[in-house]
Amino acid sequence: MGIQLDFPAVLERWPSFLGGAALTLELAALATMFGALLGTLAAVGRGTHNALIAGACKVYVETIRNTPLLVQIFLVYFGLASLGLKFSAFTVAVAALTINVGAYTAEIMRAGFEAIPRGQIEAAEGLALSRVQIYWHIILLPAVERVYPALTSQFVLLMLASSVCSQISAEELTAIANYIQSDTYRAFETYIIVAVLYVILSLVMRAGFWGLGLVLFPRRRRLGTPL
Amino acid sequence: MGGHLNINHLIFLGHGALWTVGLSLIALIGGGTVGFAIALARISPLKSVRLASAAYVQLVQGTPLLVILFLGYFGLAAIGLQVSPLVAASASLTLYVAAYLGEIWRGSIQSVPKPQWEAAEGLALSRTQRMLKVILPQAIRIATPPTVGFMVQIIKNTSLASVVGFVELMRSGQIVNNSLFEPFVIYAIIAVVYFAMCYPLSLFSQRLERRMGRGRVNLAPA
Amino acid sequence: MQQNTSSEPIVSLRDVQKSFGPLKVLDGVSFAVDRGEVLAIIGRSGSGKSTALRCIDRFEKVDGGEIMVCGHRVDRPDVDLRALRQDVGIVFQSYNLFPHLTIEQNITLAPCAVKKMATGQAKELARKVLAQVGLEEKLHAYPEQLSGGQQQRAAIARSLAMQPKVMLFDEVTSALDPELTGEVLKVIEQLAADGMTMVMVTHEMGFAKSIADRIVFMHRGKVHESGPASILTSPTTPELRQFVGTGNLKS
Amino acid sequence: MQQNTSSEPIVSLRDVQKSFGPLKVLDGVSFAVDRGEVLAIIGRSGSGKSTALRCIDRFEKVDGGEIMVCGHRVDRPDVDLRALRQDVGIVFQSYNLFPHLTIEQNITLAPCAVKKMATGQAKELARKVLAQVGLEEKLHAYPEQLSGGQQQRAAIARSLAMQPKVMLFDEVTSALDPELTGEVLKVIEQLAADGMTMVMVTHEMGFAKSIADRIVFMHRGKVHESGPASILTSPTTPELRQFVGTGNLKS
Amino acid sequence: SADLLDDIMKAKKIRISTDLAIPPSGMMDASMKPTGSDVEVAQLLAKDWGLELEFVQTTGATRIPNVLTGKADIIISTLSVTPERAKVIDFTNRYATLQSDIGCMKSSSVKGWPDVKDKSIGVSRGTTQDTTLSNMKDKDLKIARFDDDATMVTAAVSGQVDCVGSSATIINQIGVKNPARVFESRIPLATFDLAIGLKKGEPRLMDKLNAWIAENIKNGKLNAIYKKFHGVELPLDMRG
Ligand SMILES: Nc1ncnc2c1ncn2[C@@H]1O[C@H](COP(=O)(O)OP(=O)(O)OP(=O)(O)O)[C@@H](O)[C@H]1O
Ligand SMILES: Nc1ncnc2c1ncn2[C@@H]1O[C@H](COP(=O)(O)OP(=O)(O)OP(=O)(O)O)[C@@H](O)[C@H]1O
Ligand SMILES: [Mg+2]
Ligand SMILES: [Mg+2]
């Protein structure tokens, strides 16, 4: 049919693509870091005996997991501004993504916590470790090691989902693509390039997580066996 | 711009919600069928089949659904295949969902303990009999919670089908908002409708998980 | 059912070799089992007992040597696996009952699916083999509703329902406490009395002594010593002497 | 380290009651252990042995009665759990070593985290307790690289590193084969010889007989019979007689 | 291949790609029927040619692919003409214009370019306003790009941006529902020609569209539609 693909016309804007990809990666990295922290805390919170904390964590997780990320981002971005709190789009994007991925992380981490055999915790209690010490030394790392593949997938998905941040003026990869394609009307070329970039980014993230795994799990590095 | 939210707007949103439900069903039925094939291909005795299916999974899981939908609709047309939006959306969602469900189910099948496979083998059951009578019934129990969990994500992700012209819930909300300009009211309504569709499923998946004991990990995308 | 008079061994291994990567697990193992005979394989952990047993039912492919079971050349790549496994019943330490099926369904599954037996007939059979292991009343229970010893007896019944020519047991009592162990051993004793050919890996020296026609002591992938049950009381090699000696601590 | 001369029991249970839902598991259990004494608890599966042991270290809250351990009133809700557990070491059947830590890290964790011991000193201690159980060379191995018997010995070493006043063992050998069982029992024997106060639940009648100063036979949540090791050879109640009888199958 | 004009006439139906979420050109009325200036232009065209009209629902990003892949025949959806875009599709003569301004809060003191230096300006991403502002590199502007007009307006209303770069129509609309933040045009930006877009290589369809546009400029119908939705008239030479 009548479509002539003209990649050079779009590729000449490679600095913009690169900038967008970099911002996407940056958003994903920051949200991953904070989200992992928030999610872990929420998972711990759901396991406490304090009904108020456990309930609050549950409401957080359920609300976020059952509503679209786009709506969450709008509500944070415009809601805060309406209250007179003005943050940059980047800050809001990181915050919204963190809140979002935190909820998923919480569920995954909870599964990890519950997969720790009861006997491990009893052994630690028998050694007079405190609750915090037990979480820190006995539960956390093995739990993460068990759910590491799921966590990795979740954070790659977060990177892909960060595309909705274009809605609030964050200039990440999808935003760049939208700009270029409406400036040049070369949608095909743009989307194909963007697809390739996203696949590369996801491979980069997976490689990063693999490397991090080597550092985090020395036992696995040495023995190569699953926990 | 202007005017107030009226019954027509709500009906319009309702239509959008119906499309969301419809697209979700298509995605799950199509994706479920192909995903099952992917799961089997991933554990195939043939190395080439294993590698090909693994590459497929990697590729699809690394690409945003929006791009898949776009290329599925306009890309096919560009090479001379005129497909309706419904066909394009169904095909794209199917490919996308299949990659994820295939992985979830492969994990479930492989997590049936090895001794169970051996016990079935030791009873002289054929490969198909082992799969159907021993492995799958156990794998289904393991797979149900993460599958239901993933369905929740699909319901939300069908919103991207607006790129091929579907006016589903999210898009209908945007259209209403563009003519009314009541963003907070409208997005709140949308959030509530999505919640009403997703939460029962979430709840159901948690029930299942609790009932059959824990230990499975949820591979749920955002 | 007494068939102790037979010419040719029903199971025979000749110079069987098997490695896992660099680890040589079986290093020229040979032994034979005649029809109606009970053979006990003993030896310390890691000496290759389970591997030898698993080779007999082709759960592991051997690297060299010859294995003949009920007329099947098990070492050959073209062995008819399903035919072999209709002749051989195997029971593992960890029961491996199918948790999603009742005991009856566990037992009727293979006869119906493999031997195309009619459902009614298979159910009749299930009742019969369950009676044989003293579990008639558990027909409709699920595995998790049974104690360990009962599960193990059900697993034996499941194997029996295929009417195998030879039964293999791999430490079928070592997950059980002494009382439950007793139940299972009684069932095996009865099978032996009925003339079933059996190969069993076991840690129960007392039991091996009382039931086995012949004992094979494995050490570092080799048959180190073998002979009648009396070798346990008067071992000739220092290794078997040491093995039996430490084993005594348990008694 | 011989401290067999002491006035007050280091562990004492008085009329302890414990139910799980409708199931009464401990129904008025009383016994006491003096400093340096070795007490063996025997009884059939489900008789409440593990539960009694777990109550001593407050892994279960009791419903009634009194438990006193090294001066701690364990039955009281306000007992200082962490202080109690510094005085009591407990070792389970399933080792429960921390799989993500090396043996050395397993051992030094609690001394460093709980007693705020310096790392260097803790490592010194790890070497010492590992030598005590004969495992010096496994300092930097991960648990899964050890055999079952070695893992169990490492678990004992880990408890020893906290220098407890009393050690509790719950069937520490029942997951092991006879040879590995021997290794672990030797370690416990040595501890007994060194004067450690111990309460052990065990199925090893021979071992109980040879090492225990006193035996408690539990039956249906009660102490059915107790006394010196000689009660095993001449039981007075029919239940103990039957129990010792069935146990013998294993020997 | 066959001529697109013949195909349209044969099918007695014309498929027009229009974004129905960019008021006041394309939107929904209170009973959720399409309305807006582009919608009425499309309706007029279909009526004049005696054709059935089908709107192909589209988003900003898919207007062009829709005609390139034959899923729609033409685009009437506030397409501004730029040389860059003309490499991909053909444009007819203009059927309307779009006056773009920098709009600011009524209370603000912005009068000219120097005053917006440290203000954030919201635009719809990829629009000609966006491109124009982005090319003013020397002015060192802070541009915040949103995916559509509605989001940009929400940003203006909620205070996330201080100014907007948009059509005069939209700037005036901002205050309608939000008396607290009334915006008005302060700095004129540019006037863009809006044209009908179609696939390259369809000269007969192009000629017929141009003839239709000329005729309806002359009889004043296009001006009337424009005035109805945008509140202002087209430039003098387009008023018929
Ligand atoms: N699938 C496998 N891959 C690699 N090594 C294996 C595998 N199966 C067994 N081995 C190794 O082969 C050796 C013999 O194993 P085997 O299970 O036959 O011993 P065993 O005599 O049955 O011991 P046990 O009394 O502990 O059951 C062991 O060192 C074991 O680690
Ligand atoms: N957490 C629990 N919840 C409910 N019932 C329990 C629990 N723990 C133990 N029981 C029940 O209490 C009874 C006594 O258990 P316990 O573990 O003390 O027995 P035991 O003498 O140690 O047996 P074994 O020799 O099998 O270890 C059993 O019937 C058991 O099922
Ligand atoms: Mg074995
Ligand atoms: Mg117990």
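Rules used in this analysis
Here the residue numbers are simple positions, counted from 1 along each chain's written sequence. Each chain gets a letter, beginning with A, and each ligand a number, beginning with 1, in the order they are written. Side-chain atom pairs in this predicted model are given and counted only at pLDDT of 80 or more, local residue features only at pLDDT of at least 70, and totals for whole chains, interfaces and linings cover all residues. The basis for every side-chain value is the complete set of non-hydrogen atoms in the structure, without hydrogens or water. Secondary structure elements are taken from DSSP: a helix is a run of H or I of four residues or more, a strand is a run of E of two residues or more, and numbering for both begins at the N terminus. Values of the radius of gyration come from C-alpha atoms, whereas the globule rule sets the reference at 2.2 Å times the count of residues to the power 0.38. We call a residue buried when its accessible area falls under 20% of the maximum for its residue type, exposed when it is over 50%, and partly exposed in between, using a 1.4 Å probe and counting protein chains only. Any pair of residues with heavy atoms lying within 4.5 Å of one another is described as a contacting pair. For the accessible areas, the method is Shrake-Rupley and the probe is 1.4 Å, while residue cover comes only from the protein chains on display. Counting rule applied: Lys, Arg positive; Asp, Glu negative; His and chain ends not counted. To locate a charge, take NZ of a lysine, CZ of an arginine, CG of an aspartate or CD of a glutamate. Put simply, two rings from Phe, Tyr or Trp (the six-membered ring, in Trp's case) pair if the centres are within 6.5 Å, and we call them stacked under 30 degrees between planes, edge-to-face over 60, tilted for the rest. Our definition puts a charge over a ring when NZ of Lys or CZ of Arg is within 6 Å of the ring centre and also within 35 degrees of the ring normal. Buried area: the accessible surface (1.4 Å probe) lost by two parts on joining, summed over both. Every case where a carboxyl oxygen of Asp or Glu lies within 4 Å of a side-chain nitrogen of Lys or Arg is listed as a salt bridge. Throughout this description, a polar contact denotes any pair of N or O atoms lying within 3.5 Å of each other; where both atoms belong to protein, one of them has to be capable of donating a hydrogen while the other can accept it, and for residues adjacent in sequence the pair is counted only when both atoms sit in side chains. Near residues are defined by distance, with any heavy atom within 4 Å of the molecule or strand qualifying the residue. Confidence per residue, as judged by the predictor, is encoded in pLDDT with a range of 0 to 100. The convention used is that axes are lines fitted to C-alpha atoms, helices contributing only their stretch in contact, and that angles between N-to-C directions extend from 0 to 180 degrees. By convention, the crossing between two helices is left-handed when the near helix turns anticlockwise from the far helix through less than a right angle, and right-handed when the turn is clockwise. Residues were grouped as follows: Ala, Val, Leu, Ile, Met, Phe, Trp, Tyr, Cys and Pro as nonpolar; Asp, Glu, Lys and Arg as charged; and all remaining residues, including Gly, as polar. Strands were regarded as paired on the criterion that DSSP finds at least two bridges between them. UniProt positions are given in the numbering used here, feature names are shortened, and annotations may be inferred rather than shown by experiment.

Chemist: What should I look at first to understand the overall build of chain C in this one?
Modeler: On a plain count of helices and strands, chain C comes out with eight helices and 10 strands. Whereas a compact globule of 251 residues would reach a radius of gyration of roughly 18 Å, chain C reaches 18 Å, a difference of no more than 12%. The principal-axis extents of the C-alpha atoms in chain C amount to approximately 55 × 45 × 40 Å. Put simply, chain C has 251 residues, and 59% of those count as buried. In chain C, the proportion of contacts linking residues at least 24 apart, taken out of those at least 6 apart, comes to 64%. Just so you have it, chain C exposes about 10,300 Å², and 48% of that area is on carbon and sulfur atoms.

Chemist: In this structure, what is going on with the overall build of chain B? I would like to understand it.
Modeler: What chain B contains, in helices and strands, is eight helices and zero strands. In chain B, the order of α-helices and β-strands from amino to carboxyl end is α-α-α-α-α-α-α-α. Based on the C-alpha atoms only, the size of chain B along its principal axes is roughly 75 × 45 × 25 Å. Relative to its full complement of 222 residues, chain B shows a buried share of 58%. As displayed, chain B has an accessible area near 8,500 Å², and 71% of this comes from carbon and sulfur atoms. The distance from the centre of the 16 positive side-chain charges to the centre of the 6 negative ones in chain B is 7 Å.

Chemist: For this particular structure, what's the right way to read the packing of aromatic side chains?
Modeler: The description of an aromatic ring pair uses the distance of the two centres, along with the angle that the planes make with each other. Here the structure, examined in full by the defined rule, presents 20 aromatic pairs over all chains. Relative to F243 of chain D, the ring of F217 of chain D lies with its centre 5.6 Å away and its plane at 40°, an arrangement referred to as tilted. Of the two residues, F217 of chain D sits in strand β9 (residues 214–219) while F243 of chain D sits in helix α8 (residues 238–247), which places them 26 residues apart along the sequence. For F217 of chain D, a relative accessible area of 1% corresponds to the buried category. Here the aromatic cluster, defined as three or more aromatic residues joined through ring pairs, consists of F74, Y77 and F78 of chain A, Y187 of chain B together with F146 of chain E. The ring of F98 of chain D is capped by R158 of chain D, whose NZ or CZ atom sits 4.5 Å from the centre of that ring. Over the ring of Y179 of chain A we find R145 of chain E; its NZ or CZ atom is 5.3 Å from the centre of that ring.

Chemist: How should the interface of chain B and chain E be read in this particular structure?
Modeler: Often, the extent of an interface is quoted as the loss of accessible area on bringing the components together. Contacts between chain B and chain E engage 29 residues on the former and 27 residues on the latter. When chain B packs against chain E, the two sides together hide about 2,400 Å² of surface, and 64% of this comes from carbon and sulfur. For the pair chain B and chain E, the interface holds one salt bridge. When the shortest N-O distance is used, the salt bridge between R171 of chain B and D19 of chain E registers 3.3 Å. For the pair chain B and chain E, the interface holds eight residue pairs in polar contact (both at pLDDT 80 or more).

Chemist: Teacher, can you tell me more about the site of ligand 1 here?
Modeler: Residue and element names in this part refer to chain C. Neighbouring residues of ligand 1: 13 residues in total, closest S45, G46, K49, S50 and T51. Contact distances for ligand 1 include 2.8 Å between an oxygen atom and a side-chain N or O atom of K49. The contact in question runs from an oxygen atom of ligand 1 to an N or O atom on the side chain of S50, over 2.6 Å. For ligand 1, whose unbound accessible area comes to 640 Å², protein coverage reaches 59%. Among the secondary structure elements, those contributing two or more residues to the shell around ligand 1 are β2 (23–33) and α1 (49–56).

Chemist: What am I meant to see in the site of ligand 2 here?
Modeler: Residues and elements named next belong to chain D. Around ligand 2 sit F20, L23, V25, R44, S45, G46, S47, G48, K49, S50, T51 and E171, and that is every residue in its neighbourhood. Separating an oxygen atom of ligand 2 from a side-chain N or O atom of K49 is a distance of 2.8 Å. Elements that contribute at least two residues to the shell around ligand 2 include exactly β2 (23–33) and α1 (49–56). It is α1 that contributes the most residues to the shell around ligand 2, three residues altogether.

Chemist: In this structure, what is going on with the confidence of the model for chain B? I would like to understand it.
Modeler: In low-pLDDT segments, the atomic positions of the prediction should not be examined closely. Model confidence for chain B is summarised by a mean pLDDT of 88, while 94% of its residues fall at 70 or above. In the predicted structure, residues 214–222 of chain B sits below a pLDDT of 50 and forms 39 contacts with residues beyond four places in sequence or in another chain.

Chemist: I'm lost on the packing of helix α1 (residues 7–42) of chain B against helix α6 (residues 127–157) of chain B in this one. Help?
Modeler: Working note: a packed helix pair is described by the angle between its axes plus the distance between those axes. All names here are of chain B. Here α1 crosses α6 at 145°, and the two axes come no closer than 12 Å. For the crossing formed where α1 meets α6, the hand is right-handed. When α1 is examined against α6, the residues T20, S24, A27, L28, F36 and L40 are found in contact with a partner set consisting of M131, L136, M151, I154 and I155. Its residues placed into classes, the contact of α1 with α6 shows nine nonpolar, two polar and no charged.

Chemist: Looking at this model, I keep getting lost on the sheet that holds strand β4 (residues 64–69) of chain D. Mind explaining?
Modeler: Two orientations exist for strands paired in a sheet by backbone hydrogen bonds: parallel and antiparallel. Residues and elements named next belong to chain D. Strand order in this open sheet of four strands is β2-β1-β4-β5, and the pairing throughout is antiparallel. Two strands bound the open sheet, and with one partner strand each, they are β2 and β5 (72–73). Relative to β5, β4 runs antiparallel, the two being bridged by two bridges. Residue V69 lies in a different strand from β5, and its bridge partner there is H72. Its contacts with the sheet place α1 against β1 (11–20), β2 and β4, and it is angled at close to 60° to β2.

Chemist: It is not clear to me how the UniProt feature "transmembrane region" (unreviewed entry) in chain B should be interpreted in this structure. Could you clarify?
Modeler: All names here are of chain B. UniProt's feature table lists "transmembrane region" (unreviewed entry) at residues 17–41, 53–73, 79–101 and 184–204, given in the numbering used throughout. What you have in residues 17–41 is 100% helix and 0% strand, and the ends, taken at the C-alpha atoms, are 35 Å apart. Secondary structure content for residues 79–101 is 74% helix and 0% strand, and the end C-alpha separation is 29 Å.

Chemist: Whenever I open this one, the arrangement of the chains confuses me. Can you help?
Modeler: For the six pairs of chains in contact, the maximum contact count is reached by chains A and B. There is a gap between chain A and chain C: no contact, and a shortest C-alpha distance of 15 Å. Contact between chain D and chain E is absent, and the least distance between their C-alpha atoms amounts to 48 Å.

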